[in-house]
Amino acid sequence: NPVLAYHDLLDRYVAGTLSKIHADLHLGNILVGPNGSAFLIDFAQTRNGHTLFDWASLEVSLLTDVVMPVIGDDWYSVRLVLRYIASLQSAMPDTVPALNRVMQHVVAVRDIARECLARDTSWSEYFVALAMCSLRAVTWETLSLGSRRLMFCLAALSIHELRSRGTLTMDDGPITDFLGDRTELN
């Protein structure tokens, strides 16, 4: 249950420097002009913060507004998307072409986030941001049931990633315990 790790997340120090962040970066605050240029709007929450929180917010928005409508709202679909997310550190599975296509947007966000890491290979700070943004997203009234499920599980997966790297001390099981049997997706 990711809510049980909430206080640990709040107490964590996230490496990196503070800079101006949008603080409400989601698809609804990005406009595309006639020549394909992107524009950000709604700077009401702009403040100093870690840039990874903007990228994690955008990833959450992509998952809830682009990915889940393509794949569906049932638990099977949630687990399938989680498998793709868990595999982003290696190679994405090639089982569902429509999901591969929409997940490329999430991959692009992760590529940008990689540039913002304090250390190139240390994703723990991004997983803190992703867990916090996912837990916040669960409260959004406009989310579908499948998106709420995904956000809760994404927070849990992010916390699992933190624990498996030795940065949180709570007990956990292997990733396959969380995601279910691999054979049901093949």
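Residues numbered from 1 in each chain as written. Predicted model: local features only at pLDDT ≥ 70, side-chain atom pairs only at ≥ 80, totals over all residues. Heavy atoms only, no water.

**Re the pattern of salt bridges**
Thought 1: The tally for this structure, following the rule as stated, stands at 2 salt bridges.
Thought 2: With its nearest N and O atoms 2.8 Å apart, the salt bridge here joins Glu59 to Arg110. Here Arg110 lies in helix 4 (residues 97–116) and Glu59 lies in helix 2 (residues 51–71), a separation of 51 residues in the sequence.
Thought 3: You can call Glu59 buried: its relative accessible area is 0%.
Thought 4: Using a relative accessible area of 4% as the deciding quantity, one classes Arg110 as buried. (Salt bridge = Lys/Arg side-chain N within 4 Å of Asp/Glu carboxyl O. Helix = DSSP H or I, 4+ residues; strand = E, 2+ residues; numbered from the N terminus. Buried < 20%, exposed > 50% of the residue type's maximum accessible area, 1.4 Å probe, protein only.)

**Focus on a nonpolar patch on the surface**
Thought 1: On the surface, Leu31, Phe39 and Ile41 cluster together into a nonpolar patch covering about 260 Å² of accessible area.
Thought 2: If you trace the backbone, Leu31 turns up in strand 2 (residues 30–32). (Patch = residues over 30% accessible without salt bridge, like charges linked within 9 Å, V, L, I, M, F, W, Y side chains within 5 Å. Areas by Shrake-Rupley, 256 points an atom, 1.4 Å probe, with all protein chains shown as cover.)

**Observations concerning the packing of helix 2 against helix 5 (residues 124–137)**
Thought 1: Running from N to C, helix 2 and helix 5 cross one another at 50°; their axes reach a closest spacing of 8 Å. Considered as vectors, helix 2 and helix 5 are oriented oblique to each other. Between helix 2 and helix 5 lies a crossing whose hand is right-handed. Each of Leu52, Phe53, Trp55, Ala56, Ser57, Glu59 and Val60 in helix 2 lies in contact with helix 5, whose residues at this interface are Glu125, Tyr126, Ala129, Leu130, Met132, Cys133, Ser134, Arg136 and Ala137.
Thought 2: Looking at side-chain class alone, the contact of helix 2 with helix 5 contains 11 nonpolar, 2 polar and 3 charged residues. (Axes fitted to C-alpha atoms, helices over the stretch in contact; angles between N-to-C directions. Parallel < 35°, antiparallel > 145°, perpendicular 65-115°, else oblique. Left-handed = near helix turned anticlockwise from the far one by under 90°. Contact = heavy atoms within 4.5 Å. Nonpolar A, V, L, I, M, F, W, Y, C, P; charged D, E, K, R; others polar.)

**Regarding the confidence of the model for the protein**
Thought 1: Summary statistics for the protein give a mean pLDDT of 85 and a share of 84% for residues scoring 70 or more.
Thought 2: Across the protein, helix 2 holds the top mean pLDDT of 96, while helix 7 (residues 175–179) sits lowest at 39.
Thought 3: Here residues 168–186 is modelled with pLDDT under 50, and outside its nearest four sequence neighbours on either side it reaches 35 contacts, counting other chains as well. (pLDDT = per-residue confidence, 0-100.)

**Let's talk about the nonpolar core**
Thought 1: Judged by nonpolar contacts, the single largest core of 45 residues is most densely connected at Leu63, Val81, Leu99 and Tyr126.
Thought 2: Setting aside chain neighbours within four positions, we find Leu63 in contact with Met68, Val81, Ile85, Met103, Val106, Leu150, Met151 and Leu154. (Core = buried A, V, L, I, M, F, W, Y, C linked by side-chain atoms within 4.5 Å.)

**Overview of the environment of Lys20**
Thought 1: Counting through the fold element by element, Lys20 comes out in strand 1 (residues 19–21).
Thought 2: Judged by relative accessible area, which is 62%, Lys20 ranks as exposed.
Thought 3: Sequence separation between Lys20 and Gly49 is 29 residues; the distance between their C-alpha atoms is 6.2 Å.

**With respect to the packing of aromatic side chains**
Thought 1: Applying the stated criterion to the full structure yields 1 aromatic pair.
Thought 2: Judged by centre distance (5.6 Å) and plane angle (85°), the rings of Trp123 and Tyr126 are edge-to-face.
Thought 3: A relative accessible area of 0% means that Tyr126 is categorised as buried. (Phe/Tyr/Trp six-rings, centres within 6.5 Å; stacked < 30°, edge-to-face > 60°.)

**Topic: helix 2**
Thought 1: For helix 2, spanning 21 residues, the distance from its first C-alpha to its last is 29 Å, which sits close to the expected 30 Å at 1.5 Å a residue.
Thought 2: Where helix 2 bends most, at Leu63, the angle is about 35°.
Thought 3: Once helix 2 finishes, Gly72 follows within two positions and takes phi at roughly 120°, a positive value. (Expected span 1.5 Å × (residues − 1). Bend = angle between axes of the 7 residues up to and from the residue.)

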